[in-house]
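Observations on the three-dimensional arrangement
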Amino acid sequence: MPQGLSKLLSRKIILGTSIGVGLTFMLVGVIFWGGFNTAMEATNTMEFCIGCHEMKNNVYEEYTQTIHYNNRSGVQAVCSDCHVPREWTYKLIRKIQASKEVWGKITGKIDTREKFQEHRLEMAAREWSRMKGTNSRECRNCHDFNTMMPENQKPRARKQHMNAMKAGNTCIDCHKGIAHEAVHDQLSDEEMEALSAPNPELAIELPPQWVAFLEKEEEEKARKIAEQKAKAEAAKIAAAKAKAERDAKKAEQAAGAPMAAAPAGGSSFVDWSGVPAREITLFYPGEASMEWVLGGKHKTGKHGGGRAFKSGDRCADCHDEETADMGQKMVTGEKLEPNVIAGKRGAIPVTVKAAHDADNLYLRFEWPDTTESSGDKMDPANRIKIAFMLSTDAVEYADRAGCWGTCHADADSMPFDPEGQEVTKYLTESRTKIEVKGRRGKAMGGWDKRKTDEEIAAELDAGRFMDIIRYKVDEKKVENGAILADRLMDETPISMANAKLEDGVWVVEFKRPLKSDNKGDINLDMGQIYNFGFAIHDDYTNARYHHVSLGYKLGFDNFDVEVNAVQAEALAQAPAATAAASAPAAAPAAAPAAGGASDVDWSGVPVRDITLFYPGEASIEWTLGGKHKSGKHGGGRAFKSGDRCVDCHDEETADMGQKMVTGEKLEPSVIAGKRGAIPVGVQASHDGENLYLRFKWEDTSESSGNKMDPANRVKIAFMLSTDAVEYADRAGCWGTCHADADSMPFDPEGQQVTKYLTESRSKIEVKGRRGKAMGGWDKRKSDDEIKAELEAGRFMDIIRYKVDEQKLENGAILADRLMDETPISTANAKLEDGYWIVDFKRPLKSDNAGDVSLDLGQTYNFGFAIHDDYTNARYHHVSLGYKLGFDNFDVEVNAVGM
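**Some details on the confidence of the model for the chain**
- Of the residues in the chain, 86% have a pLDDT of 70 or more, and the chain-wide mean is 84.
- Low pLDDT (under 50) marks residues 257-266, which in the prediction has nine contacts with non-local residues, meaning those over four places away or in another chain.

**Thoughts on helix α4 (residues 53-63)**
- By the burial criterion, the buried members of α4 are Glu54, Asn58, Val59, Tyr60, Glu62 and Tyr63. Across the axial projection of α4, the buried residues extend over an arc of 160°, all falling on one side.

**Thoughts on the pattern of salt bridges**
- Applying the stated criterion to the full structure yields 52 salt bridges.
- Ionic pairing is found between Arg544 and Glu287, a salt bridge with its closest N-O pair at 3.8 Å. Taken together, the residues span a long stretch of sequence, with Arg544 in the loop between β10 (530-537) and β11 (547-548) and Glu287 in the loop between β1 (277-283) and α12 (290-293) at a distance of 257 residues.
- When the shortest N-O distance is used, the salt bridge between Asp709 and Lys715 registers 2.8 Å.

**Some words on the side chain of Arg400**
- Within the secondary structure, Arg400 sits in helix α16 (residues 398-401).
- Look past the residues within four positions of Arg400 in its chain and what remains in contact with it is Phe309, Lys310, Gly312, Asp313, Arg314 and Cys315.

**Side note on the pairing of strand β22 (residues 835-843)**
- The buried count for β22 comes to seven of nine residues, which makes it a mostly enclosed element.
- Between strand β21 (residues 826-832) and β22, which pair antiparallel in sequence order, lie two residues; one of them, Asp833, sits at a positive phi of approximately 55°.

**Let's talk about the environment of Leu390**
- By the secondary structure assignment, Leu390 is in strand β4 (residues 385-391).
- Taking the relative accessible area as the measure of exposure, Leu390 reaches 1% and is therefore buried.
- With residues up to four places along the chain from it excluded, the contact list for Leu390 reads Phe465, Met466, Asp467, Ile522, Leu524, Asn531 and Phe532.

**Considerations on the environment of Gly897**
- As for its placement among the helices and strands, Gly897 is situated in strand β26 (residues 893-897).
- We classify Gly897 as partly exposed; its relative accessible area is 36%.
- Those residues within four positions of Gly897 in sequence are excluded, and the remaining contacts are His686 and Asp887.

**As for the packing of aromatic side chains**
- Within the structure shown, the criterion is met by 21 aromatic pairs.
- Measuring from ring centre to ring centre gives 5.2 Å for Tyr63 and Tyr69, while their planes differ by 85°; the resulting arrangement is edge-to-face.
- When its relative accessible area of 5% is taken as the criterion, Tyr63 is described as buried.
- Taken together, a centroid distance of 6.5 Å and an interplanar angle of 35° make the contact between Phe269 and Tyr362 tilted. Of the two residues, Phe269 is situated in the loop between α11 (208-254) and β1 and Tyr362 in strand β3 (residues 360-368); the sequence distance between them amounts to 93 residues.

**A few points about the side chain of Arg364**
- Tracing the backbone shows Arg364 in strand β3.
- Exposure remark for Arg364: the relative accessible area of 4% places this residue in the buried category.
- The residues contacting Arg364, other than those within four sequence positions of it, are Trp272, Thr351, Val352, Lys353, Val507, Val508, Glu509 and Asp833.

Cut-offs and rules
Residue positions are given per chain, counted from 1 along the sequence in the order it is written. A pLDDT threshold of at least 70 governs which residues receive local features in this predicted model, and a stricter bar of 80 or more applies before side-chain atom pairs are shown or counted, although totals over entire chains, interfaces and linings include all residues. Each side-chain value is worked out from all heavy atoms of the structure, with water and hydrogens disregarded. A residue's pLDDT is simply how confident the predictor is in it, with values from 0 to 100. Two residues qualify as a contact provided that any one of their heavy atoms is within 4.5 Å of a heavy atom in the partner residue. Exposure classes here rest on a 1.4 Å probe applied to the protein chains alone. A residue is buried below 20% of its type maximum, exposed above 50%, and partly exposed in between. In this description a helix means any DSSP run of H or I spanning at least four residues, a strand means any run of E spanning at least two, and both kinds are numbered starting from the N terminus. Think of it as the arc spanned by the lines of direction from the helix axis to the C-beta atoms. Criterion for a salt bridge: a side-chain nitrogen of Lys or Arg within 4 Å of a carboxyl oxygen of Asp or Glu. By definition, two strands form a pair when at least two bridges between them are found by DSSP. Stacked, edge-to-face and tilted labels apply to pairs of Phe, Tyr and Trp rings (six-membered ring for Trp) whose centres lie within 6.5 Å, assigned for plane angles under 30 degrees, over 60, and everything in between, in that order.

And the structure:
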């Protein structure tokens with residue numbers, strides 16, 4: 001060793017220790033520390049954690065069935081991610097604590113499944129306490145309020161997360177049992193409250209993205225309210241004008257002037273054209289009861305929102321946008337339903353309108369008549385029954401649950417239905433006690449805890465009852481009643497109703513006086529708000545086998561409630577409709593216009609709901625992976641590999657349209673007020689010689705800035721093709737839309753470029769590299785080549801109807817969009833109750849070179865688009881590409897034989 005280095009290592013430093021000795025100790029320390037750390041990290045692995053059968057056969061098996069083990073992103077949380085801190089000090093403390101748990105194995109305390117289960121609650125409570133004490137530190141390594149995007153969460157989760165931030169709750173307060181068998185339901189309410197109590201010291205301000213989301217929601221709400229107010233005001237003006245015209249005619253008649261005969265009273269009580277609609281999805285409830293809502297047990301699980309409900313949250317606050325999903329879980333038996341009925345739908349989308357005049361409340365319900373298979377006809381006399389309930393906040397829970405509070409676990413056909421007893425709906429107010437939890441084998445409910453008649457009469461006098469009105473459609477019978485100790489439907493009828501089934505859609509209307517002398521009726525005050533809910537029994541069902549709504553708020557000229565009754569003009573009724581409380585049967589449908597397609601009986605034709613979306617500057621080049629300044633299409637490779645657009649996007653078209661219509665993606669020219677999507681009901685039928693198509697959608701006015709096509713308020717077009725057209729099997733008519741068409745990003749100045757197909761061009765520039773314009777307008781093939789493509793069937797057949805011009809155009813798309821073929825189809829349109837209905841009749845066979853001759857044994861590529869509000873060019877709403885077939889239930893659009 002060099003002499004200088006030897007002297008350096010021998011030099012004394014702290015406490016007489018030489019540098020050499022110090023370095024030796026440091027090296028030993030590093031080796032020891034590294035070995036210790038490596039050993040400790042080894043105890044963090046999944047393999048180590050499940051090395052004993054107590055862990056592997058119990059909690060590990062449960063964990064493998066949860067989202068922390070398998071999920072769509074492929075990110076897996078292992079044991080240590082949730083149970084071991086990352087910071088060194090806390091990690092060491094946790095390891096020391098865990099050593100105590102090893103003692104349970106060594107001593108045999110938990111060495112069998114039975115022993116493990118016996119001590120599971122104790123062990124779980126210890127872990128809950130630890131996590132609560134650390135503000136769910138390990139949860140927040142992956143899930144943190146500050147990085148959550150509220151718009152990507154379900155309304156229920158979003159609301160509870162906001163509540164947690166404001167109150168000071170931590171993750172484990174609500175998410176017990178998320179990765180292992182739930183045992184927290186063994187705790188009493190008091191224990192749960194203590195374990196889940198908020199800690200004000202943990203409360204935080206809402207992060208910026210949450211504040212921005214709430215502001216955006218408020219802006220959207222204000223915009224919708226402004227639209228509704230404008231519509232309502234326009235309706236008032238129109239109604240006043242109509243009344244003035246009728247009064248003038250009456251004056252002429254009184255003066256002896258000739259007057260046209262008044263039309264017979266129609267089925268509508270009011271002019272609904274200017275009344276805003278509220279879409280409410282009814283859902284199949286299974287054995288859900290008020291007791292279950294409050295936290296009572298069911299063999300398929302507890303209601304996780306029981307505490308939130310009791311704290312004041314309304315059912316609609318958390319579940320309004322997920323009722324269809326809830327109904328599907330119950331109708332299939334996944335939750336709350338032991339008696340699955342094959343083919344029964346989980347949800348019914350209902351369009352609800354409410355109006356009033358000085359004396360009456362009017363309600364209108366519209367929904368698709370999808371046939372179900374209920375096993376048998378439970379109520380053979382009544383194919384359809386529809387009922388609605390009203391109440392004040394005097395009824396417990398009504399402000400949160402609407403009429404749900406009348407449904408108990410011991411009612412007829414419910415889990416605790418007492419043998420030999422008929423138990424109808426009833427309210428908590430009529431019972432001395434309600435068993436909610438069902439502990440120690442007790443039956444849930446309170447059928448046998450009825451108050452005295454005097455006490456019940458006092459509750460009725462205090463307004464603690466539900467007012468119910470029900471209409472039996474086939475019997476044409478309106479029933480008026482109340483629910484308190486029982487459901488009694490024998491009051492003097494004060495209401496009227498009527499119903500019609502037209503084109504596969506039920507429309508039921510009610511007329512209900514605002515004031516009544518019946519004790520079980522609520523007197524409605526226009527300055528007040530009421531709790532409102534409704535239910536539909538269809539397919540001859542009875543008892544709980546219905547579809548129900550959540551609880552909503554109903555008011556009068558009040559745009560802050562969910563169901564707003566606006567002022568409307570009452571229509572004169574024929575004597576049959578006004579003479580009795582039982583409304584008349586629907587009159588036969590009027591004969592269709594000549595040459596139209598309405599001569600089809602649409603009542604038995606299934607409806608396919610397709611949501612059109614605003615596409616912005618999306619083109620087939622962009623679909624294939626071409627650039628756009630707002631981003632590329634991430635699914636380009638999947639599409640080229642064979643995935644259809646609908647495979648990925650069928651359920652998210654509304655979200656896509658919203659992104660584009662607001663300019664977030666693919667749209668540099670935002671049109672204020674334009675809607676991002678149009679939900680359309682599509683029906684298809686055939687008679688062996690013709691294809692019939694029906695499209696129905698809501699006429700929501702837009703503001704397009706100007707009238708691009710002043711002569712045409714509405715244009716609707718559909719296209720058909722075979723798989724001979726490239727990309728048509730995946731994209732439908734999308735392949736006709738190119739980046740260099742008129743109004744698109746690479747629209748060549750001075751050239752008129754319509755839709756065209758790739759087959760008509762010698763080359764298409766897809767990527768737009770090195771500054772090249774995307775598309776292929778200037779790469780047109782020769783006329784002979786294009787003719788050969790046409791003869792080979794490589795073209796799109798298009799049919800378009802211009803509603804105001806009443807003009808039908810027949811054409812084809814190949815090198816251009818040519819609309820000058822001999823028309824082979826007929827069409828008609830009507831605007832009724834705020835909805836457009838357009839029918840097409842198209843022969844299956846045609847001699848035109850640009851028409852696809854349809855074979856009943858084949859399937860075809862199908863897409864359609866709507867231009868509304870006088871728009872033109874790309875400023876329309878379009879569908880994805882779907883498959884159309886004949887009596888083929890494997891396709892999206894099935895034309896059924898008549």
